[in-house]
Amino acid sequence: DDDIFSSAFCENSEKLINVHLFALAAKYYSLSNLGVCTPLEDVLEALKGDSEGATGIKPDEFMNNKKSHEVQVMSELVDSIANYCGIKQVIDIGSGKGYLSSFLSMQYNLKVYGIDSSSSNTNGAHERNRKLKKHWRAYQSRGKKNLKTQSLEKANDRPVESEISCKTISEELLNNANSLQNQGQVIIQDLVPSSCGFTQMATLETNTETEADLVTDTQSHETKHSEEILAILNVLPADAVEDFSSSHYNCGELCEEEKVQRKMTALKTKARKSSESNLYFPLTSCITAETELGDIITDLEDCMMVGLHTCGDLAANTLRIFTAKPEIKAVCSVGCCYHLLSEQFENQEECHDQVWGFPMCQYLKDKGWCCGRNARMSACLALDRVAVGQMLPTESLFYRAVLQVIVEEIYGVTKSDRHVGKTFSKSSSFVDYVRRSLKKLELDDSKLPDSCIMDYYEKYKHRMNELEAFNMLKVILAPCIEVLILLDRLCYLKEQENIAWSGLVKLFDPVKSPRCYAVIALKNQSCS
């Protein structure tokens, strides 16, 4: 209990005297030990309807392992919530380059608006969507090649008597296919991924079948293939393929009336497509708690909001928008970058009109609770990764610590709005690191000789192990601070009157994705 854990610190000096007890206390107060999370399996089971889920796209073919894991798990949950609430529109806040948005639209046929404050990210999302279509074209090309190979192999196994009839039918189909291609239509063979394993377009069962029988047989197979391929089209973007119907694939010569009808159908399809919405829209806008989504999305309807690793205050603002807007029926938010959260009680200045990232719930506001930047920085550390041997970057942390001493003692700077960034990975030595960093901080490095820089390095080198031990203690404490931030968000939702259910759900493997907890909520009116 609290009395036992408090003995980890000296009563007089308040210094840590029992590291083992400190580690046990940190584990005791971690989210995984408090019993407040809802298992993902239970949530999916509760949301499960008649749908069996979608299959087809493998995200690991165009995303790295971490992103693939995140997108696949979260998109399944989002689709389940959307189905449960009877909605088809999703708003992805802080969508970045559109990994989650693209997958939701292609795999689950949801209409997704991806909103990001960075225009470069939005442009990147457009480019990624283009590449995804190219990815599908590669599947289609492989499928066409495999179908041709299968046709040749099966033809070689047939009796000689059937080869003439088969050739006749194949030539007629090929002529029709070429005619369709010339008119800009999509051929069935071009739509079939190699993994689908479709049978041939025409199959001869006996040697005594007439040519008319073969034509009828081919048409029935065509209808079957068309139905199967429609299932594939469900995972493609709206503008990835042209519409088609089984009437396009009738054997024999087309009459003039059919040609005119086909042209009219193609024109209508083109006109409809020009006015229809795509399934995925990347948009550029800065989202705050006061953002009016209707000003950004002109056809806003009943929808849900999602956010995969929304940074700093954006995660908190996502929840505020969700509670305030009646059109938003559900939310699934995974936050990150706790160090960028704004805190109401961190500074003494009064800012009554500002909306803060922490605390959100009235309970912590009444207590005037404050974490502080150092604690929030610690919350970003990944204990599970360290536990499996992915050690902290001790040398780069040491470089950064000694640099801070140099900047304070030589230049008298204790606070700066500028950042060093990822200078360590670009530096060949400590001297090079310091000089690169001083330039980024816009400080004159000419008055600082190399010998002086190395003197600082030698002065503190023996304390590197001490620094590593200190950072390990911060890593152990990280889950406890994250608990405070996440429970604050959950309590905020519990305080709202229009919420039917809210909870914390562990979505991801914390080794692959350390920020693995989602805040989920469903409103009363349409998700009872």
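For clarity, every value in this text was computed on a predicted model and none was experimentally measured. (Residues numbered from 1 in each chain as written. Predicted model: local features only at pLDDT ≥ 70, side-chain atom pairs only at ≥ 80, totals over all residues. Heavy atoms only, no water.)

## Overview of the overall build of the protein chain
What counts is decided by this rule: Only DSSP runs of H or I with at least four residues qualify as helices, and only runs of E with at least two residues qualify as strands; both kinds are numbered from the N terminus onward. In this scheme, a residue with accessible area under 20% of its type's maximum is buried, one over 50% is exposed, and one in between is partly exposed, where area comes from a 1.4 Å probe on protein chains only. In this description, accessible areas are obtained by the Shrake-Rupley approach with a 1.4 Å probe, and a residue is regarded as covered only by the protein chains that are shown.
Each helix and strand in the protein chain was counted, giving 20 helices and seven strands. Looking at the 528 residues of the protein chain, the share that counts as buried comes to 44%. Carbon and sulfur atoms make up 50% of the accessible area of the protein chain, which amounts to about 28300 Å² in all.

## Here's the deal with unusual backbone geometry
With omega at -5 degrees, the peptide bond leading from Phe358 into Pro359 counts as cis. Tracing the backbone through its elements, the reader meets Pro359 in the loop between strand 5 (328-336) and helix 14 (362-366). Even without being glycine, Glu442 reaches a positive phi, approximately 60 degrees. Secondary-structure assignment places Glu442 in the loop between helix 18 (430-440) and helix 19 (450-460).

## With respect to the environment of Gly312
Keep this limit in mind: Residues count as neighbours in contact if any of their non-hydrogen atoms are within 4.5 Å of one another.
Take Gly312: it is sitting in the loop between strand 4 (303-311) and helix 13 (313-324). The spacing of Gly312 and Ser342 is 30 residues in sequence and 7.7 Å in space, taken between C-alpha atoms. Non-local contacts of Gly312, meaning those with residues more than four positions away in its chain, are made with Cys336, Cys337, Leu340, Leu341 and Arg489.

## Observations regarding helix 4 (residues 40-47)
What counts is decided by this rule: Directions are taken from the helix axis to each C-beta atom, and the arc is the one they span.
Among all positions of helix 4, only Leu40, Val43, Leu44 and Leu47 are buried. Projected onto a plane normal to the axis of helix 4, the buried residues spread over an arc of 95 degrees and lie on a single side. Facing away from the buried side of helix 4, by more than 90 degrees, are the exposed residues Glu41 and Ala46. Where helix 4 is buried, its residues meet helix 5 (65-85), strand 6 (499-506) and strand 7 (517-523).

## Regarding the nonpolar core
Put simply, the test is: Side-chain atoms within 4.5 Å link the members of a nonpolar core, which is a set of buried Ala, Val, Leu, Ile, Met, Phe, Trp, Tyr and Cys residues.
Among the nonpolar cores identified, the biggest contains 72 residues, and Met74, Leu77, Met304 and Leu507 are the most heavily contacted of them. Among the elements that line this core, the one with the most residues is helix 5, at eight residues. Setting aside its immediate chain neighbours within four residues, Leu77 contacts Leu40, Val43, Leu44, Leu47, Cys332, Leu507 and Ile520. In terms of nonpolar packing, the next biggest core, distinct from the first, is built from 22 residues, Val402, Phe430, Tyr433 and Leu448 among them.

## Some remarks on the environment of Phe103
With respect to the element layout, Phe103 can be found in helix 6 (residues 99-108). Judged by relative accessible area, which is 2%, Phe103 ranks as buried. The sequence separation of Phe103 and Ser75 amounts to 28 residues, and the corresponding C-alpha distance is 7.3 Å.

## Brief notes about the pattern of salt bridges
Side chains that differ in charge, positive against negative, can pair when their charged atoms come close. What counts, and what does not: A carboxyl oxygen of Asp or Glu within 4 Å of a side-chain nitrogen of Lys or Arg is what we treat as a salt bridge.
If you walk through the whole model with that rule in mind, you get 16 salt bridges. Where Arg435 meets Asp445, a salt bridge forms, and the shortest distance between an N and an O atom there is 3.2 Å. One end of the pair, Arg435, is in helix 18; the other, Asp445, is in the loop between helix 18 and helix 19, and 10 residues separate them in sequence. Three or more residues joined by partner-sharing salt bridges are found here, namely Arg435, Lys439, Asp445 and Asp450.

## Observations regarding the packing of aromatic side chains
In plain terms, the rule: A pair of aromatic rings is counted whenever rings of Phe, Tyr or Trp (Trp by its six-membered ring) have centres within 6.5 Å, and the orientation is called stacked for planes under 30 degrees apart, edge-to-face for over 60 and tilted otherwise.
Under the criterion given, the structure shown has 11 aromatic pairs. Ring geometry for Phe5 against Tyr29: centres 6.0 Å apart, planes inclined by 70 degrees, an arrangement best described as edge-to-face. Of the two residues, Phe5 is situated in helix 1 (residues 2-6) and Tyr29 in the loop between helix 2 (19-28) and helix 3 (31-34); the sequence distance between them amounts to 24 residues. The class of Tyr29 is partly exposed, set by a relative accessible area of 32%. Ring geometry for Tyr28 against Tyr29: centres 4.9 Å apart, planes inclined by 90 degrees, an arrangement best described as edge-to-face.

## Things to note about the packing of helix 17 (residues 394-411) against helix 19
Spelled out, the test is: Angles here are taken between N-to-C directions and fall from 0 to 180 degrees, while the axes themselves are lines fitted to C-alpha atoms, restricted in helices to the stretch in contact. Angular relationships are summarised with four words: roughly parallel below 35 degrees, roughly antiparallel beyond 145, roughly perpendicular across 65 to 115, and oblique for the angles in between. By definition, turning the near helix anticlockwise from the far helix through less than a right angle yields a left-handed crossing, and turning it clockwise yields a right-handed one. Put simply, Ala, Val, Leu, Ile, Met, Phe, Trp, Tyr, Cys and Pro go in the nonpolar bin, Asp, Glu, Lys and Arg in the charged bin, and everything else, Gly too, in the polar bin.
Running from amino to carboxyl end, helix 17 crosses helix 19 at an angle of 125 degrees, the nearest separation of the two axes being 10 Å. With respect to helix 19, the element helix 17 is oriented oblique. Judged by the twist between their axes, the crossing of helix 17 over helix 19 is right-handed. In this structure, helix 17 uses Phe398, Tyr399, Val402, Val405, Ile406, Glu409 and Ile410 to contact helix 19, whose residues at the interface are Tyr456, Tyr457 and Tyr460. Along the lines of polarity and charge, the residues of the contact of helix 17 with helix 19 split into nine nonpolar, no polar and one charged.

## Focus: helix 18
For helix 18, every residue scored as buried is listed here: Phe430, Val431, Tyr433, Val434, Arg435, Ser437 and Leu438. Taken together, the buried residues of helix 18 touch helix 17 and helix 19. Looking one or two residues past helix 18, Glu442 carries a phi angle of roughly 60 degrees, positive in sign.

## Focus: the packing of helix 13 against helix 20 (residues 464-494)
Two elements in contact, helix 13 and helix 20, have axes whose closest approach is 11 Å; the angle formed by their N-to-C orientations is 10 degrees. With respect to helix 20, the element helix 13 is oriented roughly parallel. Within the contact between the two elements, helix 13 uses Ala315, Leu319, Arg320, Phe322 and Thr323 and helix 20 uses Arg489, Tyr492 and Leu493. Split into classes, the residues belonging to the contact of helix 13 with helix 20 amount to five nonpolar, one polar and two charged.

## Let's talk about the confidence of the model for the protein chain
To keep things clear, this is the line we draw: Confidence of the predictor at the level of single residues is captured by pLDDT, which takes values from 0 to 100.
Taken over all residues, the pLDDT of the protein chain has a mean of 76, while the share at 70 or more is 65%. For the stretch residues 158-253, pLDDT sits under 50, and the model shows 145 contacts to residues farther than four places along the chain or on other chains. Predicted confidence for residues 270-278 stays below pLDDT 50, and this span has nine contacts to residues more than four positions away or in other chains.

## Points about the side chain of Lys111
Going by this rule: N or O atoms within 3.5 Å of each other form a polar contact, as long as, within protein, one can give a hydrogen and the other can take it, and as long as residues adjacent in sequence are counted only when both atoms are side-chain atoms.
As for its placement among the helices and strands, Lys111 is situated in strand 2 (residues 111-116). Among the residues examined, Lys111 registers a relative accessible area of 18% and is labelled buried. Polar contacts involving the side chain of Lys111 include one to the side chain of Asp299, which spans 2.4 Å.

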